[in-house]
Amino acid sequence: MVNKQTFEQLLDPNNFDFETVQVLNEEGKIVNEDLMPDLTDEELVTLMEDMVWEREWYNRTKAFSRQGRLGFVGPTEGQEASQMATISAMEPQDRILPGYRDIPQLVKKGMPYKNAFLWSKGHVAGSMYPEDFHAYPPQIIIGAQFVQAAGVGLGIKKKKEDAVVITYTGDGGSSQGDTYEGMNFAGAFKSPVIFVIQNNGWAISTPRERQTAAPTLAQKAVAAGIPGIQVDGMDALAIYAVTKAARAYAAAGNGPVLIETLTYRYGPHSLSGDDPKRYQPEGVQETWRQRDPLNRMRIYLTEKGLWSEEKEEAIVNQTKELAKEAIKEADATPKQKVSDFLKNMFETPDTIIQEQIEHFEAKERN
């Protein structure tokens, strides 16, 4: 683990020490005061509340999926620190380009709750956002968001906006050409982008060591000439601190940063039939449970007198109610029609598409 290093050192593109950054260990103890983020007690509690919310939100989502009320669902249990701490370090004007597992960050940033469920259902309304919501719909193509983020960042730079882009993929996504191309382009043009690789150790059934011979994924930044930092992905304080520093670095015009979060997802790649017990070593889930991000923050905040079982239970119950109302709204949304799909294909339909629209509209009226 990193000791006695400054963020200036960590954000040096010529720093090739990719030792893992940690602030809060598994026992809930601060082990690196030098990198401790400047958070008030209220902000610490909010970060914990966000992680508790995300875990219960996934529990509700999983239940709705088993009821047949949702389509694709990417589990997030275990990745709460990686997701909530990164997005919490961003500013309201910043843009988020998520992957399909990054729905919680969108909700945290302000996406209506029902949209999360509509997106899972494959409904176009799930990707219809308010004008002032600075985010893009979740990308289902692995790694494609890295290329898009580089372009969005360049646009921000050309317009001289005070904003930064944050985008996410997994360790499997880091094996895609788009991932390197996006980082390389952003590095060459100094686009203000934070690239986050959530290293869960498995790309469905392919283990991390079969994806690349590189000792870390953070060092993939070297070829793009940008800083790369590896951080304990179960440590919300370290992740927040690193992301906050990366944002300041990118916003100052220095270019992008790559952050690798060493995390673990307690469960399958998706709820569409994947079974990690078939390919992961026995006991690995239990080992990672001991590093649980909620547990270490729970210990830390409880010892500071900032947390209690009652507070956590209240958040869980509130989340259940929010999810219940959101799924009702999603279920009540009018179903899509074939004519709708055709209308959405082009801004101005050509003659053939227009004929098909009229054909299906006539059938739908009958």
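Per chain, residues are indexed from 1 in the order of the written sequence. With pLDDT at 70 or above as the cut-off, local features in this predicted model cover only qualifying residues; side-chain atom pairs require 80 or more to be listed or tallied, and sums for whole chains, interfaces and linings still use all residues. To obtain the side-chain values, all non-hydrogen atoms of the structure were used and water was disregarded.

Colleague: Can you walk me through the packing of helix α6 (residues 144-158) against helix α7 (residues 177-189) in this structure?
Modeller: Geometrically, a packed helix pair is captured by the angle between its two axes and the distance between the axes. As a packed pair, α6 and α7 sit with axes 6 Å apart at the nearest point and diverge in direction by 15°. In terms of axis orientation, α6 runs roughly parallel to α7. Our pair here, α6 against α7, has a crossing hand that is left-handed. Taking contact as the criterion, the partners of Ala144, Phe146, Val147, Ala150, Leu154 and Lys157 in α6 are, on α7, Asp178, Thr179, Glu181, Gly182, Met183, Phe185, Ala186 and Phe189. Each residue belonging to the contact of α6 with α7 can be placed in one class, and the counts come to nine nonpolar, two polar and three charged. Inter-axis angles, ranging from 0 to 180 degrees, are taken between N-to-C directions of lines fitted to C-alpha atoms, where helices are fitted over the stretch in contact. Strands are runs of DSSP state E lasting at least 2 residues, helices are runs of H or I lasting at least 4, and numbering of each runs from the N terminus. If an angle is under 35 degrees, it is roughly parallel; if it is over 145, roughly antiparallel; if it lies from 65 to 115, roughly perpendicular; otherwise it is oblique. A clockwise turn of the near helix away from the far one marks a right-handed crossing, whereas an anticlockwise turn of less than a right angle marks a left-handed crossing. Contact between two residues is taken to exist if any of their heavy atoms lie within 4.5 Å; hydrogens are not considered. In this classification, the charged set is Asp, Glu, Lys and Arg, the nonpolar set is Ala, Val, Leu, Ile, Met, Phe, Trp, Tyr, Cys and Pro, and all remaining amino acids, among them Gly, are polar.

Colleague: Sorry if this is basic, but what is going on with the sheet that holds strand β2 (residues 165-170) here?
Modeller: Two pairing modes exist for strands in a sheet, parallel and antiparallel, and in both the strands are linked by backbone hydrogen bonds. A strand pair is defined by DSSP finding two or more bridges across the two strands. What the five strands build is an open sheet, ordered β1-β2-β3-β7-β6; its pairing is parallel. Across the chains shown, the open sheet's two edge strands, defined by having one partner strand only, are β1 (95-97) and β6 (228-232). The mean inter-strand angle of the sheet, taken between neighbouring strand axes irrespective of direction, is 20°. The sheet contact formed by β6 and strand β7 (residues 257-262) spans five bridges and is parallel. Bridging from a neighbouring strand, Gln230 pairs with Glu260 of β7. Contacts between α6 and the sheet are confined to β1, β2 and β3 (193-199), with β2 contributing the most and set at about 170° to the helix.

Colleague: Which parts of the structure should I look at to understand the domain arrangement of the chain?
Modeller: Often, the extent of an interface is quoted as the loss of accessible area upon association of its parts. Domain ranges listed in this record stem from an automatic or a database domain assignment. Each assigned domain of the chain is listed here: domain 1 (7-335) and domain 2 (341-365). Taking the mean C-alpha position of each, domain 1 and domain 2 sit 39 Å from one another.

Colleague: Is there a simple way to think about the nonpolar core in this case?
Modeller: Generally speaking, nonpolar side chains in soluble globular proteins are found buried as a group. If you look at the biggest cluster of nonpolar residues, it comprises 70 residues, and the most contacted ones within it are Phe117, Leu237 and Met297. Setting aside anything within four residues of it in sequence, one finds Phe117 in contact with Trp57, Thr61, Phe64, Leu70, Ala323, Ala326, Ile327 and Ala330. Definition used in this section: a nonpolar core is a set of buried Ala, Val, Leu, Ile, Met, Phe, Trp, Tyr and Cys residues joined via side-chain atoms within 4.5 Å. Using a 1.4 Å probe on the protein chains alone, a residue whose accessible area is under 20% of its type maximum counts as buried, one over 50% counts as exposed, and one in between counts as partly exposed. With 18 residues, the next largest nonpolar core counts Phe146, Ile156, Leu217 and Ile226 among its residues.

Colleague: What is the right way to look at a positive patch on the surface in this model?
Modeller: The residues that make up patches have over 30% relative accessible area and no salt bridge, and they are joined within 9 Å when like-charged or within 5 Å when they are Val, Leu, Ile, Met, Phe, Trp or Tyr. With residues, only the protein chains shown are counted as cover, and all accessible areas are computed by Shrake-Rupley using a 1.4 Å probe. Put simply, a salt bridge is a Lys or Arg side-chain nitrogen that is within 4 Å of an Asp or Glu carboxyl oxygen. Only four residue types enter the tally: Lys and Arg on the positive side, Asp and Glu on the negative side; His and the chain ends are excluded. Charge placement uses NZ in Lys and CZ in Arg. For Asp and Glu, CG and CD serve respectively. On the surface, Lys157, Lys158, Lys160 and Lys190 cluster together to form a positively charged patch. Considering the arrangement of structural elements, one finds Lys157 in helix α6.

Colleague: Could you clarify how one ought to interpret helix α13 (residues 351-365) in this entry?
Modeller: Each α-helix winds once per 3.6 residues, and so residues spaced three or four apart point in a common direction. Each helix should span, by expectation, one fewer than its residue count multiplied by 1.5 Å. Over its 15 residues, α13 runs 21 Å from end to end, which matches the ideal 21 Å to within 8%, given 1.5 Å per residue. Sitting at the head of α13, Asp350 places a side-chain oxygen 3.2 Å from the backbone nitrogen of Ile352. The definition of a polar contact used here is a pair of N or O atoms within 3.5 Å, where within protein one atom must be able to donate a hydrogen and the other to accept one, and adjacent residues in sequence count solely through side-chain atom pairs.

Colleague: Would you explain the UniProt feature "domain: Dehydrogenase E1 component" (unreviewed entry) in the chain in this entry?
Modeller: Under the feature "domain: Dehydrogenase E1 component" (unreviewed entry), the UniProt entry names residues 52-338. With 45% helix and 11% strand, the stretch residues 52-338 has end C-alpha atoms that lie 40 Å from each other. UniProt positions are given in the numbering used here, feature names are shortened, and annotations may be inferred rather than shown by experiment.

Colleague: Even after reading the chapter, I still don't get the packing of aromatic side chains, so can you show me in this structure?
Modeller: Each aromatic ring pair is described using two quantities: the centre-to-centre distance and the angle formed by the ring planes. For Phe, Tyr and Trp, rings pair up if their centres lie within 6.5 Å, where Trp contributes its six-membered ring, and each pair is then called stacked (planes under 30 degrees apart), edge-to-face (over 60) or tilted (otherwise). Evaluated as defined, the whole model comprises 12 aromatic pairs. Note on Phe72 and Tyr100: the rings are 5.3 Å apart at their centroids and 85° apart in plane angle, and the pair reads as edge-to-face. Of this pair, Phe72 sits in the loop between α2 (41-66) and α3 (80-88) while Tyr100 sits in the loop between β1 and α4 (103-109); the two residues are 28 residues apart in sequence, bridging distant segments of the chain. Residue classification places Phe72 among the partly exposed positions, given a relative accessible area of 26%. Grouped by ring-pair contacts, the aromatic residues Trp53, Trp57, Phe64, Tyr113 and Phe117 constitute a single cluster. The aromatic ring of Tyr266 is capped on one face by Arg289, whose charged end is 3.9 Å from the ring centroid. Put simply, a charge is over a ring when the Lys NZ or the Arg CZ is close to the ring centre, within 6 Å, and near the line of the ring normal, within 35 degrees. The side chain of Arg291 reaches across the aromatic face of Trp288, ending 4.5 Å from its centre.

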